[in-house]
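# Architecture at a glance
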Amino acid sequence: EIISCSNDSLVFKDQDSNSSTFSCVNIGEPDVYVASGAARLTGSGINITNCSFVCSASIGSTPPSVSFDITATDKNFTGPQGSIFSASTQIYLRTY
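Quick look at the structure, then. Just so you know, these numbers come straight off a predicted model, no measurement behind them.

### Let's talk about the overall build of the chain
From N to C terminus, the chain includes 0 helices and 8 strands. Put simply, the chain has 96 residues, and 23% of those count as buried. Intrachain contacts of the chain at a sequence separation of at least 6 include 34% that bridge at least 24 residues. For the chain, the exposed area adds up to about 6,300 Å²; of that, 51% sits on carbon and sulfur atoms. Separation of charge centres in the chain, based on 4 positive and 8 negative side chains, amounts to 4 Å.

### Thoughts on the state of the cysteines
One pass over the structure, following the stated rule, counts 2 disulfides. Across a sulfur-sulfur distance of 2.0 Å, Cys 5 and Cys 55 are joined as a disulfide pair. Here the disulfide of Cys 5 and Cys 55 is right-handed, its torsion about the S-S bond being about 85°. Placement of Cys 5 in strand S1 (residues 2–6) and of Cys 55 in strand S6 (residues 46–56) is noted, with a sequence separation of 50 residues between them.

### Quick notes on the pairing of strand S3 (residues 19–25)
As paired elements, strand S2 (residues 9–13) and S3 share 5 bridges and run antiparallel to each other. Directly across from Val 11, in S3, lies its bridge partner Thr 21. Hairpin connection from S2 to S3: 5 residues lie between these consecutive antiparallel strands, with Ser 17 at a positive phi of about 65°. In the sheet, S3 pairs with strand S4 (residues 33–36) via 4 bridges, with the strands oriented antiparallel. Pairing of Val 25 across the sheet is with Tyr 33, part of S4.

### A few points about the sheet that holds strand S5 (residues 39–40)
The strand order S1-S2-S3-S4-S5 describes an open sheet built from 5 strands, whose pairing is antiparallel. At either end of the open sheet lies a strand with only one pairing partner, and these are S1 and S5.

### Brief notes about the layout of surface pockets
Reported here for the largest pocket is a volume of approximately 510 Å³. Glu 1, Leu 10, Phe 12, Lys 13 and Leu 93 are, among the 20 residues lining the largest pocket, the residues nearest its centre. Those elements that place two or more of their residues in the lining of the largest pocket are S2 and strand S7 (65–74). Counting residues per element, the lining of the largest pocket draws most heavily on S2, which supplies 3 residues. Residues that form the lining of the largest pocket fall into these classes: 13 nonpolar, 3 polar and 4 charged.

Conventions used here
- Position numbers for residues start from 1 in each chain and track the written sequence from start to end.
- Selection of residues for local features in this predicted model requires a pLDDT of at least 70, selection of side-chain atom pairs for listing and counting requires 80 or more, and totals for whole chains, interfaces and linings are taken over all residues.
- Processing note: side-chain calculations cover all non-hydrogen atoms of the structure and skip hydrogens and water entirely.
- Working definition: helices are DSSP H or I runs of at least four residues, strands are E runs of at least two. Numbering for both runs from the N terminus.
- Partly exposed describes any residue whose relative accessible area lies between the buried limit of under 20% and the exposed limit of over 50%, with all areas from a 1.4 Å probe on protein chains only and scaled to the type maximum.
- Contact definition: two residues touch when any of their heavy atoms are within 4.5 Å.
- Every accessible area reported is derived by Shrake-Rupley at a probe size of 1.4 Å, with residue values counting cover from the shown protein chains alone.
- As used throughout, the charge tally considers Lys and Arg to be positive and Asp and Glu to be negative, leaving His and the chain termini uncounted.
- In this description, the location of a charge corresponds to atom NZ of lysine, CZ of arginine, CG of aspartate or CD of glutamate.
- Criterion for a disulfide: a pair of cysteine sulfur atoms at a distance within 2.5 Å.
- Two strands qualify as a pair provided that DSSP identifies no fewer than 2 bridges between them.
- In this analysis a 1.4 Å probe is tested at points of a 1 Å grid over the protein atoms alone, and where it fits but cannot get out there is a cavity; an open set with protein on both sides within 12 Å along at least five of seven lines is a pocket; lining residues have an atom within 4 Å of a point.
- Grid points are joined across faces, edges and corners, and a volume is the space filled by probe spheres set on the points.
- In this classification, Asp, Glu, Lys and Arg are treated as charged, Ala, Val, Leu, Ile, Met, Phe, Trp, Tyr, Cys and Pro as nonpolar, and every other residue, Gly included, as polar.

Structure representation (structure tokens):
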């Protein structure tokens, strides 16, 4: 169950009614990272340039979903030697 969802944060309850949070921390600052609760999930050697959550309500028989998008670069390599990493995923939630 989604408790709250914003562009940079997702709070949900699992099947045991435990609350959990995923968030994009320090948006707009030099050290952006992805966290689960207070635990940092991404390393300090990357520069996150985009990090966002989008939540969608259920429609008919389609369950609610959460989309997560992230774009990052390596802080140690720029210009032609650097690379950009982008990933997107959509997670369909179980309904109980």
